[in-house]
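Structural characterization, general
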Amino acid sequence: MAKDGGPDWNGLFKWSIAHGDGTKPPRALSEEDRKWFMEAMQANTIDVVKRMKEITQVMKTPEDVLQSQGVTPENIEDMLDELQEHVESIDMANDLHSIGGLDPLLGYLKNSNAGIRAKAAEVVSTIVQNNPKSQQLVMESNGLEPLLTNFKSDPSTNARTKALGAISSLIRHNQPGISAFRLGNGYAGLKDALGSDDARLQRKALNLIQYLLHNNKADGSVATELGLPKLMMHLASSDDSLVREAALSSLLELAQDKTAGNALPDQDKLKDILKSRIDGISAMDSDDLHAAREERQLVDSLWKECYNEPSSLREKGLIVLPGEDAPQQLPPDVAGKMFEPPLRAWAAARPAQEDDSDSGSGKKDPPLMLKF
């Protein structure tokens, strides 16, 4: 073993080369070699369920007791970071409830520290991504209620954004969740988010709006009554390219809704906005044009949908650039990409598509446990 108590990786590597370089048949291991090998491997093996139970015990501990033990909010956030890594596994995510960890995690959504509220929402988002069982468990534990509260009224923009991300994951392919979101005045929260000055919050709100409109055309009338199309038009001229794409995609969903007539007001203003985007795209250099591929397609699709003619981008040859494949019949699925969970997409049973995950890739040492 290494002097610091960690696994002797260098020794293990040398041992594996010596015992299996492929040049001669492997020899039988001596009892001493076998013991050394097992110790080296087990030294870096974590009992995930045991760790999750330990974390659950900390989450159940009153805040004043934690403070008396010298546990800081930063320690709690680090602990939640570790928990999030564990629940990337769907099995571990579902096990969190059975070991009593889900309810105290949801309780952290009401914590006095904004960083803990935000991190707890991020863990919830990971738990329910493409996971119908955990979606149901969170709904049964009334997890949507504190998420909606944080999304609509948390003084921390980061906590609001993380809560919205968790809501998006919770209600995706979850009809009871969508219904509860509507009843909880979620659309009013989305309107407030569109009016914020935070691009990440705007993007998440737009992507959820597009998903809801795509899956329930009746929501178009709700969106129009709340004045969302005008806010979307304003954001279609945003300095943030991803906000522009998401706004254009949501506007296209409304324009394609023929069940209640044209749901887009102020067609002249929309035409001016699209003309401005066409001028901006036409002035881009080659690199920016390639980066704006989805925006180019969305502008053209929205123009064609609203005015029954192709946009001037087609005349200029800016829909398909040299080296690009022809666009599909349908416009790009911006919201779908933003909903695609990065580490659990392989487990999704249905086709799914935010690029703004704040989780770092570096692992932290587990926080010290409490002494009782």
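Our structure's up above, just so we're on the same page.
Description of the structure in this document. It should be emphasised that the depicted structure is a prediction, and the values quoted were computed from it without experimental measurement. (Residues numbered from 1 in each chain as written. Predicted model: local features only at pLDDT ≥ 70, side-chain atom pairs only at ≥ 80, totals over all residues. Heavy atoms only, no water.)

When helices and strands are tallied, the chain shows 22 helices and 0 strands. Within the span of the chain, comprising 372 residues, buried residues form 46% of the whole. (Helix = DSSP H or I, 4+ residues; strand = E, 2+ residues; numbered from the N terminus. Buried < 20%, exposed > 50% of the residue type's maximum accessible area, 1.4 Å probe, protein only.)

Residues apart from glycine generally show negative phi values, whereas peptide bonds are mostly found in trans. Although it is not a glycine, asparagine 142 sits at a positive phi angle of roughly 60 degrees. With respect to the helices and strands, the residue asparagine 142 is situated in the loop between helix H9 (132-140) and helix H10 (144-153). In this structure asparagine 142 comes out as exposed when scored by relative accessible area, which is 51%. Here aspartate 266, not a glycine, exhibits a phi torsion of approximately 50 degrees, which is positive. In this structure, aspartate 266 sits in the loop between helix H17 (241-255) and helix H18 (267-282).

Turning next to empty space enclosed by the protein. Empty space left among the atoms is revealed by rolling a probe the size of a water molecule over them. One number sums up the size of the second largest cavity: a volume of about 30 Å³. What lines the second largest cavity is simply Gln175, Ile178, Arg182, Leu212, Asn215 and Asn216. Take the lining of the second largest cavity: its biggest share by element is 3 residues, from helix H12 (residues 175-183). When its residues are assigned to classes, the lining of the second largest cavity shows 2 nonpolar, 3 polar and 1 charged. (1 Å grid on protein atoms, 1.4 Å probe; cavity = no way out; pocket = protein on both sides within 12 Å on 5 of 7 lines; lining within 4 Å. Points joined across faces, edges and corners; volume = space filled by probe spheres on them. Nonpolar A, V, L, I, M, F, W, Y, C, P; charged D, E, K, R; others polar.)

When a protein is soluble and globular, its nonpolar side chains tend to lie buried together. Counting residues in hydrophobic clusters, the biggest one holds 85 residues, and the most contacted among them are Leu80, Leu83, Leu105, Leu190 and Leu302. Once you skip the residues sitting within four places of it in the chain, leucine 302 turns out to touch Leu248, Leu251, Leu252, Ala255, Leu264, Leu270 and Leu274. (Core = buried A, V, L, I, M, F, W, Y, C linked by side-chain atoms within 4.5 Å. Contact = heavy atoms within 4.5 Å.)

Glancing now at the packing of helix H13 (residues 186-194) against helix H14 (residues 199-215). As a packed pair, H13 and H14 sit with axes 8 Å apart at the nearest point and diverge in direction by 140 degrees. On the basis of the axis angle, H13 is oblique to H14. Seen from above, H13 lies across H14 with left-handed handedness. Of the residues in H14, those in contact with Tyr187, Leu190, Ala193 and Leu194 of H13 are Leu201, Gln202, Ala205, Leu206, Leu208, Ile209 and Leu212. Here the contact of H13 with H14 is composed, by residue class, of 10 nonpolar, 1 polar and no charged. (Axes fitted to C-alpha atoms, helices over the stretch in contact; angles between N-to-C directions. Parallel < 35°, antiparallel > 145°, perpendicular 65-115°, else oblique. Left-handed = near helix turned anticlockwise from the far one by under 90°.)

Attention now goes to the side chain of arginine 160. Counting through the fold element by element, arginine 160 comes out in helix H11 (residues 157-171). Comment: no salt bridge for buried arginine 160; closest opposite-charge side chain is aspartate 192, at 5.6 Å. Not counting residues up to four positions away in its chain, the partners in contact with arginine 160 are Asn150, Phe151, Lys152, Asp154, Gly189, Asp192, Ala193 and Leu201. (Lys, Arg positive; Asp, Glu negative; His and termini not counted. Salt bridge = Lys/Arg side-chain N within 4 Å of Asp/Glu carboxyl O.)

Our focus in this paragraph is helix H8 (residues 114-128). Between its first and last C-alpha atoms H8 spans 21 Å; for 15 residues at 1.5 Å apiece the expected length is 21 Å, and the two agree. Burial runs high along H8: 13 of the 15 residues are buried. Taking the backbone nitrogen of glycine 115 as reference, a side-chain oxygen 2.9 Å away marks asparagine 113 as the first, capping residue of H8. Asparagine 130 occupies a position one or two residues after H8 and carries a positive phi of about 50 degrees. (Expected span 1.5 Å × (residues − 1). Polar contact = N/O pair within 3.5 Å; in protein donor to acceptor, adjacent residues only side chain to side chain.)

Here we take up the pattern of salt bridges. For the structure shown, the criterion picks out 13 salt bridges. A salt bridge links aspartate 81 to lysine 119; the shortest N-O distance between them is 2.7 Å. Taken together, the residues aspartate 81 in helix H5 (residues 73-86) and lysine 119 in helix H8 connect sequence positions 38 residues apart. On the basis of relative accessible area, lysine 119 is assigned to the buried category, the value being 9%.

Counted under the stated rule, the structure contains 2 aromatic pairs. It is lysine 271 that lies over the ring of tyrosine 307; its NZ or CZ is 4.5 Å from the centre. (Phe/Tyr/Trp six-rings, centres within 6.5 Å; stacked < 30°, edge-to-face > 60°. Lys NZ or Arg CZ within 6 Å of the ring centre and 35° of its normal.)

With that out of the way, let us pick up H13. Within H13, the full set of buried residues consists of Gly186, Tyr187, Gly189, Leu190, Ala193 and Leu194. Projected onto a plane normal to the axis of H13, the buried residues spread over an arc of 155 degrees and lie on a single side. (Arc of directions from axis to C-beta.)

Locating asparagine 131 in the fold gives a position in the loop between H8 and H9. Asparagine 131 sits in the buried class, given a relative accessible area of 3%. A distance of 3.2 Å separates the side chain of asparagine 131 from the backbone oxygen of isoleucine 127, its partner in a polar contact.

Our next topic: the environment of glycine 107. With respect to the secondary-structure elements, glycine 107 resides in helix H7 (residues 102-107). The spatial distance from the C-alpha of glycine 107 to the C-alpha of lysine 60 is 9.0 Å, given a sequence separation of 47 residues.

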